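Okay, here's what each chain looks like letter by letter:
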Amino acid sequence: MANSLISVQIIPKTEKYADVIPFVDAAIAVIDASGVKYEVHPLETTMEGELAILLQIVEDMNKKMIELGAINVITQVKILYQPTGITMGTLTEKYRG
């Protein structure tokens, strides 16, 4: 069972305030390619897995933004670390009818 949930919002700064949606799509593609379970929400994406792996994905997302031409990146992260195990469903099951 996963020991962590990480919610991440990535905000790339682009030259001349170019549209950031393609950058955000690329960041989500990094998550998708990793194979971890994740859910995209309007203001952040939540991943489920082992803490070290999820933190590496966050680093990879930031590097991808720079590769795509971002000047810099602000990344907001929320981490729930629970060594006994945690899933997104555990926290949201009562809302999923």
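Let me sum up the structure you'll find in this document. Quantities reported herein were computed from a predicted structural model and do not represent experimental measurements. (Residues numbered from 1 in each chain as written. Predicted model: local features only at pLDDT ≥ 70, side-chain atom pairs only at ≥ 80, totals over all residues. Heavy atoms only, no water.)

Examining the side chain of Asn3
Then step 1. Residue placement: Asn3 occurs in the segment before strand S1 (4-13).
Then step 2. Overall, the relative accessible area of 12% leaves Asn3 in the buried class.
Then step 3. At a separation of 2.8 Å, a polar atom in the side chain of Asn3 contacts the side chain of Ser4.
Then step 4. At 3.0 Å, the side chain of Asn3 forms a polar contact with the side chain of Glu50.
Then step 5. If near-sequence neighbours (up to four positions away) are discounted, Asn3 is found in contact with Gly49, Glu50, Leu51, Leu80, Tyr81, Gln82, Pro83, Gly85 and Ile86. (Helix = DSSP H or I, 4+ residues; strand = E, 2+ residues; numbered from the N terminus. Buried < 20%, exposed > 50% of the residue type's maximum accessible area, 1.4 Å probe, protein only. Polar contact = N/O pair within 3.5 Å; in protein donor to acceptor, adjacent residues only side chain to side chain. Contact = heavy atoms within 4.5 Å.)

Digging into helix H1 (residues 21-34)
Then step 1. In this model, H1 (14 residues) spans 20 Å end to end at C-alpha, consistent with the 20 Å of a helix rising 1.5 Å per residue.
Then step 2. Among the residues of H1, Phe23, Ala26, Ala27, Ile28, Val30 and Ile31 are the ones counted as buried.
Then step 3. Looking at the buried positions of H1, the neighbouring elements they touch are S1, strand S2 (37-40), strand S3 (45-49) and helix H2 (51-67).
Then step 4. Positive phi appears at Gly35, one or two residues downstream of H1, with a value of about 90 degrees. (Expected span 1.5 Å × (residues − 1).)

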